[in-house]
Amino acid sequence: AQKVTQAQTEISVVEKEDVTLDCVYETRDTTYYLFWYKQPPSGELVFLIRRNSFDEQNEISGRYSWNFQKSTSSFNFTITASQVVDSAVYFCALKVYQLIWGAGTKLIIKP
Amino acid sequence: DTGVSQNPRHKITKRGQNVTFRCDPISEHNRLYWYRQTLGQGPEFLTYFQNEAQLEKSRLLSDRFSAERPKGSFSTLEIQRTEQGDSAMYLCASSSHGTVEQFFGPGTRLTVL
């Protein structure tokens, strides 16, 4: 069975602080994909990144970076110099056959 | 290039009524997915189409739920004899052949009174 755990229900930081959102996954399959999506208050899920299980290379995109570690089954997401516009619910998801989602982490960036 | 669109955006109905939602995927995407999302939770997979064929249905999809994609373009999701527990956000997503990332519409929020 597959499972995604986002242990942080809600995180609140002051603007310009760095913040890391944790994601731990479980699967026995060797081929899988991991995703992060952002859900702002408007409700529409926005695709941020996809990694496959054979590519552990970390990725940076502007203020966003992702750390994929198969040894700990984690795919963590860091926002550097956070901004108020980053406030949203962030979901981590695992795909073997269909997408399995974590419960999400609500990120609040205070001005 | 327009994204995934869903109609209506909001639907309020009385228990026992039937409701139908529509999803228009990104035009070149042949795969279409329906999800349900309740407050404080991640989306839950309901069903998946490749072109007009419904290839997978979740056990969550009771016999009161039916989905169609008759011409391999737009899709409809019907819920018959709605119950209060059906209140949720219904999300549609699409993807193209050979890619795994899915692109989501704005959702239809259903409230059953």
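Now for a look at the structure at hand.

### Some remarks on the overall build of chain A
Broken down by element type, chain A carries zero helices and 12 strands. The order of α-helices and β-strands along chain A, N terminus first, is β-β-β-β-β-β-β-β-β-β-β-β. Its C-alpha atoms give chain A a radius of gyration of 13 Å, near enough to 13 Å, the size a compact globule of 111 residues would have. Per-residue burial over chain A gives 42% buried out of 111 residues. Within chain A, contacts between residues at least 6 apart in sequence are counted, and of these 55% link residues at least 24 apart. Looking at chain A as shown, the accessible area adds up to about 5600 Å², and 49% of this sits on carbon and sulfur atoms. Averaging the locations of the 11 positively and 12 negatively charged side chains of chain A gives two centres separated by 3 Å.

### Details of the pattern of salt bridges
Residues and elements named next belong to chain B. Tallied over the entire structure, the rule returns eight salt bridges over all chains. With a closest N to O distance of 2.8 Å, Arg-64 and Asp-86 form a salt bridge. Here Arg-64, found in the loop between strand S6 (53–57) and strand S7 (65–68), pairs with Asp-86, found in the loop between strand S8 (75–79) and strand S9 (88–95); they are 22 residues apart in sequence, far enough to count as distant. Taking relative accessible area as the criterion, Arg-64 reaches 10% and is therefore assigned buried.

### Considerations on the state of the cysteines
By the definition in use, this model includes two disulfides over all chains. With its sulfur 1.9 Å from that of its partner, Cys23(A) forms a disulfide with Cys92(A). Disulfide Cys23(A) to Cys92(A): torsion about the S-S bond roughly -65°, handedness left-handed. Here Cys23(A) is found in the loop between strand S3 (19–21) and strand S4 (24–26), whereas its partner Cys92(A) is found in strand S10 (residues 88–95), with 69 residues between them in sequence. With respect to class, Cys23(A) is no different from Cys92(A); both count as buried. Paired by a disulfide, Cys23(B) and Cys92(B) hold their sulfur atoms 1.8 Å apart. Because the torsion about its S-S bond is -70°, the bridge between Cys23(B) and Cys92(B) counts as left-handed. Residue Cys23(B) is located in strand S3 (residues 19–24), and its partner Cys92(B) is located in strand S9; the two are separated by 69 residues in the primary sequence. The same class applies to Cys23(B) as to Cys92(B), namely buried.

### Re the packing of aromatic side chains
Given two aromatic rings, their pairing is described by the distance between the two centres and the angle made by the two planes. Scanning the entire structure with this criterion turns up 23 aromatic pairs over all chains. Ring centres of Tyr37(A) and Phe104(B) lie 5.5 Å apart, and the angle between their planes is 85°; this geometry places the pair in the edge-to-face category. Of this pair, Tyr37(A) sits in strand S5 (residues 33–39) while Phe104(B) sits in strand S10 (residues 103–104), each in a different chain. What makes Tyr37(A) buried here is its relative accessible area of 0%.

Reading the values: rules and limits
- Residues numbered from 1 in each chain as written.
- Chains lettered and ligands numbered in written order.
- Predicted model: local features only at pLDDT ≥ 70, side-chain atom pairs only at ≥ 80, totals over all residues.
- Heavy atoms only, no water.
- Helix = DSSP H or I, 4+ residues; strand = E, 2+ residues; numbered from the N terminus.
- Rg over C-alpha atoms; globule rule 2.2 N^0.38 Å.
- Buried < 20%, exposed > 50% of the residue type's maximum accessible area, 1.4 Å probe, protein only.
- Contact = heavy atoms within 4.5 Å.
- Areas by Shrake-Rupley, 256 points an atom, 1.4 Å probe, with all protein chains shown as cover.
- Lys, Arg positive; Asp, Glu negative; His and termini not counted.
- Charge placed at Lys NZ, Arg CZ, Asp CG, Glu CD.
- Salt bridge = Lys/Arg side-chain N within 4 Å of Asp/Glu carboxyl O.
- Disulfide = S-S within 2.5 Å.
- Phe/Tyr/Trp six-rings, centres within 6.5 Å; stacked < 30°, edge-to-face > 60°.

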